[in-house]
Amino acid sequence: MQQINSNPTLSNKFTALILASLKGFSQVILVDNAFSGFLILLGITLHFPFLGLMAFLCSLVGTLTAQYCGGDRSLIDAGIYSFNSVLSGMAVILFLTGGNRWLIALISAAIAALSMAILTKWIANWGIPILTIPFVFITWIGLLVTYRSDALHMDPDFVISSPARWNLETEGTPTLIVGLIKGIGEVFIIDSLLTGSLILVGLFLAGWRFGIYAIIGTFVSWIAAYFMGVDPQSLNLGLYNYNAVLTIIAVSLVFDNKPDKTPLTGIIAATLTVPVTAGLEFLLNPLGLPALTFPFIVCTWLFIAARKFFPKI
């Protein structure tokens, strides 16, 4: 009787690596879908080809690092270990200047995956999702290092919270549709209508609820920011929307336990990201640091904790 070889072939391993790396892009928006990840990668590449290439390489590095460190196979295949690698690598390319930033981006991607592997085994046992914590702290530390290093330099033309750009223009006309779509693109630190549109299509492909909730999240956060008196430039860039997109998806779809109540709680959580973002920007401005996705983390953790302490709500 012929014995069937159960070991995966080199071709199967390569396919699994590519799919897991593409899912690293989709997991940024809390979606487990390789085709959605491909659309996101396409949007990034069309906006900035070098950034798209580096983002994909960073996702590969994150996936391979998790495999080498003995990460959970199912989490590797789902792209859980690589989405922070994607964001960390992209932040290096966008926030820093210099010819060696590609190498720093790959190193940051590996550190993000390693951090994710460690935190998953440590904090996840408490029932707390890791979310984008590795990306936020790796990026913040990297930007702070630029003030004490001659090898790394921050790009003042990109980092909104850089001291060189404290005085934003307050004139202009805020446009709702532009802010909504760019707000989705800003999840990946990109100011592009095309990229935002492709990300939104990717969300709908993963499930119509993901797309609808993303639109609702951007809408309520834009309205909240508008009535708070946020400057038109920030409104049109979507800087007060992207955390709301992630938060409403997390609270209403991914970490929900009462589906009949989560639409309302998700909307409240998405709206809350606006004052949280404003407060964090005020605190971080003196350090020249952007808020990134930290408002998303704070609001999502807050509502997950609230469900544990107030299960009837």
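Residues numbered from 1 in each chain as written. Predicted model: local features only at pLDDT ≥ 70, side-chain atom pairs only at ≥ 80, totals over all residues. Heavy atoms only, no water.

Undergrad: Which residues make up the overall build of the protein chain, and what are the values?
TA: Of regular secondary structure, the protein chain possesses 14 helices and two strands. For the protein chain, with 313 residues in total, the buried portion stands at 52%. Put simply, of all contacts in the protein chain between residues at least 6 apart along the chain, 72% involve residues at least 24 apart. Here the protein chain displays about 14,700 Å² of accessible surface, and carbon together with sulfur accounts for 68% of that area. (Helix = DSSP H or I, 4+ residues; strand = E, 2+ residues; numbered from the N terminus. Buried < 20%, exposed > 50% of the residue type's maximum accessible area, 1.4 Å probe, protein only. Contact = heavy atoms within 4.5 Å. Areas by Shrake-Rupley, 256 points an atom, 1.4 Å probe, with all protein chains shown as cover.)

Undergrad: Give me helix H3 (residues 49-68): which residues, what numbers.
TA: Residues three or four positions apart in an α-helix share a direction because the helix packs 3.6 residues into each turn. The terminal C-alpha atoms of H3 lie 29 Å apart, and with 20 residues this matches the ideal 28 Å at 1.5 Å per residue to within 8%. The complete set of buried residues in H3 reads Leu 51, Gly 52, Met 54, Ala 55, Phe 56, Cys 58, Ser 59, Leu 60, Gly 62, Thr 63, Thr 65 and Ala 66. Check the buried side of H3 and you find it contacts helix H1 (10-26), helix H2 (34-47), helix H4 (73-77), helix H5 (83-95) and helix H6 (101-122). Phi turns positive one or two residues past the end of H3, at Gly 70, with a value near 75°. (Expected span 1.5 Å × (residues − 1).)

Undergrad: Go over the environment of Thr 265 with me, naming the residues and quoting the values.
TA: Note on placement: Thr 265 falls in helix H13 (residues 262-284). Residue classification places Thr 265 among the buried residues on the basis of a relative accessible area of 19%. Through-space distance from the C-alpha of Thr 265 to that of Ile 248 is 8.3 Å; in sequence the pair is 17 residues apart. Ignoring anything within four residues of it in the chain, the contact list for Thr 265 reads Val 251, Phe 303 and Arg 307.

Undergrad: Can you explain the side chain of Thr 195? Please cite residues and give values.
TA: For Thr 195, the location among the structural elements is in helix H9 (residues 193-206). When neighbours within four sequence positions are excluded, Thr 195 is seen to be in contact with Gly 43, Ile 44, His 47 and Ile 190.

Undergrad: Break down the packing of aromatic side chains for me, citing the residues and quoting the values.
TA: Applying the stated rule across the entire model yields seven aromatic pairs. Considering the side-chain rings of Phe 35 and Phe 38, the 6.1 Å spacing of their centres and the 25° angle between planes classify their relative orientation as stacked. Of the two residues, Phe 35 and Phe 38 are both situated in helix H2; the distance of three residues between them amounts to about one turn of the helix. Seen in terms of ring centroids, Trp 222 and Tyr 226 are 5.5 Å apart; in terms of plane orientation they differ by 10°. Their pairing is stacked. With a gap of four residues between them, Trp 222 and Tyr 226 both fall in helix H10 (residues 208-227), about one helical turn apart. Assessed through its relative accessible area of 6%, Trp 222 is described here as buried. An aromatic cluster is present here, built from Phe 137, Trp 140 and Phe 294 joined pairwise through their rings. (Phe/Tyr/Trp six-rings, centres within 6.5 Å; stacked < 30°, edge-to-face > 60°.)

Undergrad: So, the pattern of salt bridges: which residues are in play, and what are the values?
TA: Applying the stated criterion across every chain, the model contains three salt bridges. A salt bridge links Asp 32 to Lys 23; the shortest N-O distance between them is 3.2 Å. Note that Arg 73 is salt-bridged to Asp 77, the shortest N-O span being 2.9 Å. Here Arg 73 and its partner Asp 77 are both found in helix H4, four residues apart, which amounts to about one turn of the helix. Overall, Arg 73 belongs to the partly exposed group, its relative accessible area being 44%. (Salt bridge = Lys/Arg side-chain N within 4 Å of Asp/Glu carboxyl O.)

Undergrad: Could you give me a rundown of the confidence of the model for the protein chain, with the residues and numbers involved?
TA: Overall, the predicted model of the protein chain reaches an average pLDDT of 88, with 89% of residues at or above 70. Here strand E2 (residues 153-154) stands out as the element of the protein chain with the lowest mean pLDDT, 80, in contrast to H2, whose mean of 97 is the highest. (pLDDT = per-residue confidence, 0-100.)

Undergrad: Lay out the environment of Leu 19 in plain terms, naming residues and giving numbers.
TA: Turning to its location among the elements, Leu 19 is positioned in helix H1. In this structure the C-alpha to C-alpha distance between Leu 19 and Gly 37, which are 18 residues apart in sequence, comes to 8.9 Å.

Undergrad: Got a sec to walk through helix H7 (residues 133-145)? Specific residues and values, please.
TA: Taking 1.5 Å per residue, 13 residues should reach 18 Å; H7 reaches 18 Å between its end C-alpha atoms and fits that length. Along H7, the positions that sit buried rather than exposed are Ile 133, Pro 134, Phe 135, Val 136, Ile 138, Thr 139, Trp 140 and Leu 143.

Undergrad: Give a description of the side chain of Lys 182 that names residues and reports values.
TA: You can see Lys 182 is positioned in helix H8 (residues 176-185). With a relative accessible area of 18%, Lys 182 lands in the buried category. Within polar-contact distance, the side chain of Lys 182 engages the side chain of Asp 191 at 2.9 Å. Once residues lying within four places of it in the same chain are set aside, the contact partners of Lys 182 are Ile 190, Asp 191, Ser 192, Leu 193, Asn 236, Leu 237 and Gly 238. (Polar contact = N/O pair within 3.5 Å; in protein donor to acceptor, adjacent residues only side chain to side chain.)

Undergrad: Tell me about the packing of H3 against H5, and name the residues and values.
TA: Following both chains from N to C, one finds H3 and H5 inclined at 140°, their axes separated by 8 Å at the closest point. Note that H3 runs across H5; the crossing there is right-handed. Between H3, through Phe 50, Leu 51, Met 54, Ala 55, Cys 58, Ser 59 and Gly 62, and H5, the contact on the second element is made entirely by Ser 85, Val 86, Gly 89, Met 90, Ile 93 and Leu 94. Of the residues assigned to the contact of H3 with H5, the class counts are nine nonpolar, four polar and no charged. (Axes fitted to C-alpha atoms, helices over the stretch in contact; angles between N-to-C directions. Left-handed = near helix turned anticlockwise from the far one by under 90°. Nonpolar A, V, L, I, M, F, W, Y, C, P; charged D, E, K, R; others polar.)

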